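One letter stands for each residue in the lines below.
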Amino acid sequence: SGSGITTGTLTVGIPTSSIDALHIWNGWSTACELNHSLNNITLEFFSGGLSVGSEVLTVPMPDGSGFGFVVPFSSTYSGIDEVTIVVNSLHGGNEIGIIELGFRAGISCDDLTTTVSSDEICLGDEITLTATSINGGTITWDGGIVDGVPFEPLTAGIHTFNATSDNVDDCSFSIDITVHDLPIVTASADNTTICIGDDVTLTGGGADAYVWDMGVVDGVAFAPAATETYTVTGTDINGCVNTDDVLVDVIALPIIDAGLDIAVCDGEPVILNGAGAGLGGTYVWDGGITDGTAFTPVATNLYTVTGTDANGCENTDDCRFFCGSYSRM
């Protein structure tokens, strides 16, 4: 046939259920030798009347009669009961070529019986791979894995594990295992140093759900009774968990002293001095009184001082002035 001419379509019944290559042989020409003449061969595979795939092959005409050669398909086609073949010549001239076509039966084997504990795990988890042969073959896994023995993948990512049998009638087996990295969980407090009686709010980050120890609820304020280290467990969308902790330092309140209750005569000036707030502490009196500064009480009265230490923690105490008598509160 001439160049670019489709020579015809042939429907062929296939006696085998699995094919993986086209076999070409016994080619010759009635006009001239078709050495290395190229042809496009399009094949479409059917099973039960439905197309299950196709192949487009560029193949040379065999040089004269002889055994020919095999052109592998890109896939193995199973359950095939019909194939259509279209041959399109790519060589010139009017010569007539004759070839014989056949199909190579796909290689069959027996599947291994396999058990995979999980195909999706978190870093640090173990997995167990098990395979057995119905033909009595001995199974070998790559990567040093021992059949039926738990092991721990060392890195996150998709890992492929392969099993083979020493029995030629057994198929090989391959499994992809997804190993998720652990979330980077963070534990934080709105204030890591507080005064006793004050509230603090703890919040987890880096995951999707958080559980704190000691009854703490994520994002809900509470008043710690003492200095504690709190641990949060964070769980991400893959079910992988990690932990972090935060120290909350609870400072005791200063013991403030307003001084002794005293008796004074009307019009006599006095000085009030707070104590107990420590270095850097401050004292604020009610009634407009300034700590350490003289003033004259106008009547018997109770005076209260608020002392604040360097940590910002505060407490109070009071004293009373009497005219003409003394009493200790």
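Cut-off values and rules
Residues numbered from 1 in each chain as written. Predicted model: local features only at pLDDT ≥ 70, side-chain atom pairs only at ≥ 80, totals over all residues. Heavy atoms only, no water. Helix = DSSP H or I, 4+ residues; strand = E, 2+ residues; numbered from the N terminus. Buried < 20%, exposed > 50% of the residue type's maximum accessible area, 1.4 Å probe, protein only. Contact = heavy atoms within 4.5 Å. Pairing = 2+ DSSP bridges. Axes fitted to C-alpha atoms, helices over the stretch in contact; angles between N-to-C directions. Disulfide = S-S within 2.5 Å. pLDDT = per-residue confidence, 0-100.

Here we take up the environment of Leu 43. Relative to the helices and strands, Leu 43 is located in strand S3 (residues 38-47). Judged by relative accessible area, which is 0%, Leu 43 ranks as buried. Separated by 13 residues in sequence, Leu 43 and Val 56 place their C-alpha atoms 6.5 Å apart. With residues up to four places along the chain from it excluded, the contact list for Leu 43 reads Leu 22, Gly 53, Ser 54, Glu 55, Leu 57, Phe 73, Val 83, Thr 84, Ile 85 and Phe 103.

Turning to the sheet that holds strand S18 (residues 228-235), a few remarks are in order. If you walk across this open sheet you meet the 4 strands as S15-S19-S18-S17, and the pairing is mixed. Two strands lie at the open edges of the sheet, namely strand S15 (193-195) and strand S17 (209-212), each paired on one side alone. Strand-to-strand twist in this sheet, taken as the mean axis angle between neighbours without regard to direction, amounts to 30 degrees.

Right, let's talk about the state of the cysteines for a bit. Across all of its chains, the model carries 2 disulfides by this definition. Two residues share a disulfide in this structure: Cys 122 and Cys 240, whose sulfurs sit 2.0 Å from each other. As the torsion about the S-S bond is roughly -90 degrees, the Cys 122-Cys 240 disulfide counts as left-handed. Here Cys 122, found in strand S9 (residues 120-122), pairs with Cys 240, found in the loop between S18 and strand S19 (241-251); they are 118 residues apart in sequence, far enough to count as distant. The burial state of Cys 122 is the same as that of Cys 240; both residues are buried. The disulfide partner of Cys 195 is Cys 313, and the S-S distance across this bridge is 2.0 Å. Residues Cys 195 and Cys 313 are joined by a disulfide whose S-S torsion is about -100 degrees; by sign, that bridge is left-handed.

Moving on, we come to the confidence of the model for the protein chain. Of the residues in the protein chain, 81% reach a pLDDT of 70 or more, and the chain-wide mean stands at 84. Across residues 28-36 the pLDDT falls below 50, and counting only partners more than four positions away or on other chains, this stretch makes 22 contacts in the model.

Strand pairing in a sheet is mediated by backbone hydrogen bonds. Such pairs are either parallel or antiparallel. Taken in spatial order, the 4 strands line up as S9-S13-S12-S11 in an open sheet, and their pairing is mixed. The sheet is open, and its two edges are formed by S9 and strand S11 (139-141), each paired on a single side. Sheet twist, expressed as the mean angle between neighbouring strand axes with direction ignored, is 30 degrees. The pairing of S11 with strand S12 (residues 157-165) spans 3 bridges and is classified as antiparallel. By the bridge assignment, Thr 140 is partnered in S12 with Thr 164.

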